[in-house]
Amino acid sequence: MPNPAFPRQQGARQSPRERIKNFEPVVEGFDEKTALLEAQRCLNCKNARCTAACPVNVRIPQFIEQLLKGNVGAAADEIMKTSLLPAVCGRVCPQENHCEGACILNGRFKPVAVGLLERYTADTARNSGVLKPPVPGSPTGKRVACVGSGPSSLSAAAELRRFGHDVVVYEALHDFGGVLRYGIPTFRLPREIISKEIQTVKDMGVAFESSVIVGNTITVEELLKDFDAVYIGSGAGLPTMANVPGENLVGVYSANEFLTRINLMQAYKFPEVDTPVGIGKKVVVLGGGNSAMDAARCAMRLGPESVTVVYRRSREEMPAREEEVDNAMEEGIKFEFLTVQKEILGNENGRVRGIICTRNTLGAPDAKGRRSPVPVENSDFLIEADTVIVAIGQKPNPVIPKKTPELKTNERGVLVAKEGGETTMKGVFAGGDIIRSGATVLMAMKDGIIAAGKINEYLNDKK
Ligand code: FAD
């Protein structure tokens, strides 16, 4: 019998004091006992609000039911009907905004821990050899190129294989996974988990080529000579800088560079690896999103005296996952809310020595409904710092649109695409951060899946 009143289970966690000394996972995840206790809390609702609230509509009550029957392979099959990245999503999706936020238990009880159950299902099914890649459709003889290997292209590629098309993924970096690999730290998402999820996509017959910069190594026009359609899922990897005096001083990083050094190049293991990362004693991180939290928490693990996050609004408006903000606070990271950077100061050697900030108050809501920060007069103050990491946003890299005149972009460099991903160039579709300019793993996956359906229609019409 389901028992929602039973306490919500938690995975074992490293203590904050221990975990700031290593890059190992913060949360261990469920074992069989805790997974089954948690699964019993699910009411198996007929009208599953959790599934409706998930952008890729994971069949949540169905997979939990299979777990309760002891069929972990069948549970994984249920998830993989709509999502090829269950071990990733179980770890990094903002469940509070989707499945868990919609769970009927909210209010009287705590929501079912869907993220931890999804992670448990994927890991256990994989480790016991019962996670089976979905079966590809009968071969159609059509070929599709996917640009980029982040969650959007991975989802599009897997979906296109379900339709029976041949797929090749072209990635600019030397390794695959997009932000999952170069942005999100290993203590949230271990590298081997990304590799295993990508292996499932490979097992469906998708081919992968690394170190190919589409637009430079090969153009979109050239791809269209070899392929029947192209999907662009090249993300938004270009950092936005703060545009304040002093941004060129030594000791200022973009979050993108800082995180790539640590996560892709594993600079935290230097000199065991070739890439170093310089970190001072007093680190300031600008921003309030996932990048800012990841940069601050990586910096903390490199052993400085202090890490301070400067965010222009209040905690309520922070776009980062709630759980990661809590984790950052537990780890001793300081927060200066309602504060904005004004000028980075340097010493005689051109190195950062501090940052002047201004206090804000919250004014009227902006177009998205978030209250806008308004500077408070005569409120400037100095934070001492020798490292500043700018994590205030990112935008699409312009290489592809610059080299592909038929692809139209808006004033922010974002590719123009209709619902379903159709771009202004025939046979070329796009989705994920390249059309959203920074969203979430789930939204990128959703775009890839929907666009794969549109590409399939396009290829059928072409026949
Ligand atoms: P990406 O993941 O950016 O992948 C694009 C890929 O395309 C990259 O590998 C890139 O190298 C490649 N590429 C670019 N140009 C070319 C080219 N010309 N030729 C070939 N390849 C190219 N979302 C969450 O839901 N939860 C989180 O916890 C979370 N944390 C985040 C932490 C950080 C630090 C960042 C930056 C983002 C985070 N996000 C999170 C957002 C999420 O990761 C992104 O929205 C998502 O990865 C976008 O997927 P994508 O496939 O569109 O692009």
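These figures come from a predicted structure and were not determined experimentally. (Residues numbered from 1 in each chain as written. Predicted model: local features only at pLDDT ≥ 70, side-chain atom pairs only at ≥ 80, totals over all residues. Heavy atoms only, no water.)

Undergrad: Looking at this model, I keep getting lost on the side chain of Thr308. Mind explaining?
TA: In this fold, Thr308 is placed in strand β8 (residues 306-310). If sequence neighbours within four positions are ignored, Thr308 has contacts with Val283, Val284, Val285, Lys334 and Glu336. (Helix = DSSP H or I, 4+ residues; strand = E, 2+ residues; numbered from the N terminus. Contact = heavy atoms within 4.5 Å.)

Undergrad: Sorry, what's going on with the pattern of salt bridges here?
TA: If charged atoms from side chains of opposite charge come close, those side chains can pair. Scanning the entire structure with this criterion turns up 28 salt bridges. Taking the shortest distance from any N to any O, the salt bridge between Arg91 and Asp123 comes out at 2.7 Å. Of this pair, Arg91 sits in helix α6 (residues 86-92) while Asp123 is found in helix α8 (residues 114-127), placing the two residues 32 residues apart along the sequence. Accessibility expressed as a relative area gives 16% for Asp123, which makes it buried. The closest approach of N and O atoms between Glu324 and Arg321, which form a salt bridge, is 2.9 Å. Taken individually, Glu324 and Arg321 each receive the classification buried, so the pair is uniform in this respect. Among the charged side chains, a salt-bridge network with shared partners connects Arg13, Arg19, Arg188, Asp294, Arg297, Arg301, Arg321, Glu323, Glu324, Glu330 and Glu331. (Salt bridge = Lys/Arg side-chain N within 4 Å of Asp/Glu carboxyl O. Buried < 20%, exposed > 50% of the residue type's maximum accessible area, 1.4 Å probe, protein only.)

Undergrad: Quick question: what am I supposed to make of the environment of Glu317 here?
TA: Within the element layout of this structure, Glu317 appears in the loop between β8 and α15 (322-330). Taking the C-alpha atoms as reference, Glu317 lies 8.5 Å from Gly288; in sequence the two are 29 residues apart.

Undergrad: Looking at this structure, I do not really get the site of the ligand. What am I missing?
TA: Near the ligand there are 35 residues, and of these Val92, Glu171, Arg188, Val214 and Asp433 occur at the shortest range. At 3.3 Å from an oxygen atom of the ligand is found a main-chain nitrogen or oxygen belonging to Pro151. When the ligand sits alone it has 1,000 Å² of accessible area, and the protein chains cover 94% of it. For the shell around the ligand, the secondary structure elements donating two or more residues are α9 (151-162), α14 (290-300) and α18 (441-462). The element contributing the most residues to the shell around the ligand is α14, with three residues. Here the shell around the ligand is built from residues that sort into 17 nonpolar, 13 polar and five charged. Both domain 2 (143-237 + 396-462) and domain 3 (240-394) contribute no fewer than three residues apiece to the shell around the ligand. (Near = heavy atom within 4 Å. Polar contact = N/O pair within 3.5 Å; in protein donor to acceptor, adjacent residues only side chain to side chain. Areas by Shrake-Rupley, 256 points an atom, 1.4 Å probe, with all protein chains shown as cover. Nonpolar A, V, L, I, M, F, W, Y, C, P; charged D, E, K, R; others polar. Domains from an automatic or database assignment.)

Undergrad: Please clarify how the sheet that holds strand β14 (residues 387-390) should be interpreted in this entry.
TA: Picture the strands of a sheet paired through backbone hydrogen bonds; they go either parallel or antiparallel. Strand order across the open sheet formed by five strands is β6-β14-β7-β8-β9, with parallel pairing between neighbours. In this open sheet, the two strands that pair with only one neighbour each are β6 (252-254) and β9 (334-336). Between one strand axis and the next, the sheet turns by 20° as a mean value, whatever way the strands run. Pairing between strand β7 (residues 282-286) and β8: five bridges, direction parallel. If you follow Lys282 over to β8, its bridge partner there is Ser306. The sheet strands contacting helix α13 (residues 255-264) are β6 and β14, and the helix crosses β6 at an angle near 80°. (Pairing = 2+ DSSP bridges. Axes fitted to C-alpha atoms, helices over the stretch in contact; angles between N-to-C directions.)

Undergrad: What am I meant to see in helix α11 (residues 191-203) here?
TA: Residues spaced three or four apart along an α-helix point in a common direction, a consequence of the helix completing one turn every 3.6 residues. Here α11 contains 13 residues, and its C-alpha end-to-end distance of 18 Å stays within 8% of the 18 Å for a straight helix at 1.5 Å per residue. At the C-terminal side of α11, Gly205 shows a positive phi close to 105°. (Expected span 1.5 Å × (residues − 1).)

Undergrad: Please clarify how the domain arrangement of the chain should be interpreted in this entry.
TA: Often the size quoted for an interface is simply the accessible area lost on bringing the parts together. Here the domain parsing of the chain yields domain 1 (16-127), domain 2 (143-237 + 396-462) and domain 3 (240-394). For domain 2 and domain 3, the distance between their C-alpha centroids amounts to 30 Å. Summing both partners gives a buried area of about 1,300 Å² for domain 2 against domain 3, and 56% of it is carried by carbon and sulfur. Joining domain 2 to domain 3, the criterion identifies two salt bridges. Linking domain 2 with domain 3 are four residue pairs in polar contact (both at pLDDT 80 or more), by the criterion used here. Looking at the side of domain 2 that touches domain 3 residue by residue, the class counts come to six nonpolar, six polar and four charged. (Buried area = accessible area lost by both parts, 1.4 Å probe.)

Undergrad: How should I be thinking about the nonpolar core in this particular structure?
TA: Side chains of a nonpolar character, in soluble globular proteins, are inclined to be buried together. Among the nonpolar cores identified, the biggest contains 99 residues, and Phe63, Phe258, Val285, Met293 and Ile389 are the most heavily contacted of them. Take this core: its biggest share by element is eight residues, from α18. Apart from the residues lying within four places of it in its own chain, the contact partners of Ile389 are Tyr253, Ser254, Ala255, Phe258, Val283, Val284, Val285, Leu286, Ala295 and Ala299. Listed in part, the 18 residues of the second largest apolar core include Val212, Val214, Phe227 and Ile400. (Core = buried A, V, L, I, M, F, W, Y, C linked by side-chain atoms within 4.5 Å.)

Undergrad: Where do I start with the pairing of strand β11 (residues 352-365) in this structure?
TA: Sheet faces and side chains relate simply in a regular strand, where the side chains alternate between the two faces. When strand β10 (residues 339-346) meets β11, the two strands line up antiparallel, connected through seven bridges. Bridge pairing in β11 places Val340 opposite Thr358. In sequence, β10 turns back onto β11 through a hairpin of five residues, with Gly350 there showing a positive phi of about 75°. Bridging between β11 and strand β13 (residues 381-384) involves four bridges; their strand directions are antiparallel. Residue Cys357 lies in a different strand from β13, and its bridge partner there is Phe381. Direction of pairing for β11 relative to strand β12 (residues 371-375): antiparallel, over a ladder of four bridges. Note on β12: the bridge partner recorded for Asn360 is Pro375.

Undergrad: Which parts of the structure should I look at to understand the sheet that holds strand β4 (residues 229-232)?
TA: Here we have five strands laid out as an open sheet, ordered β3-β2-β1-β4-β16, and parallel in their pairing. Each edge of the open sheet carries a strand with a single partner, namely β3 (207-209) and β16 (428-430). Across the sheet, the mean angle separating the axes of adjacent strands is 20° when strand polarity is ignored. Strands in contact with α9 are β1 (143-147), β2 (166-170), β3 and β4; relative to β1, the strand with the most contacts, it is inclined by about 170°.

Undergrad: Just checking my understanding: could you explain helix α5 (residues 72-80) for this structure?
TA: With respect to burial, α5 is a largely interior element, seven of its nine residues being buried. Among the residues of α5, those classed as buried are Val72, Gly73, Ala75, Ala76, Glu78, Ile79 and Met80. Here the buried face of α5 lies against α4 (60-68), α6, α8, α9 and α11.

Undergrad: What is the right way to read the environment of Val244 from this model?
TA: Along the chain, the position of Val244 falls in the loop between β5 (238-239) and β6. Look at Val244 and you get buried, because its relative accessible area is 14%. Along the sequence, Val244 and Ser437 sit 193 residues apart, while their C-alpha atoms lie 22 Å from each other. Among residues more than four places away in sequence, those in contact with Val244 are Gln341, Lys342, Glu343 and Ile344.

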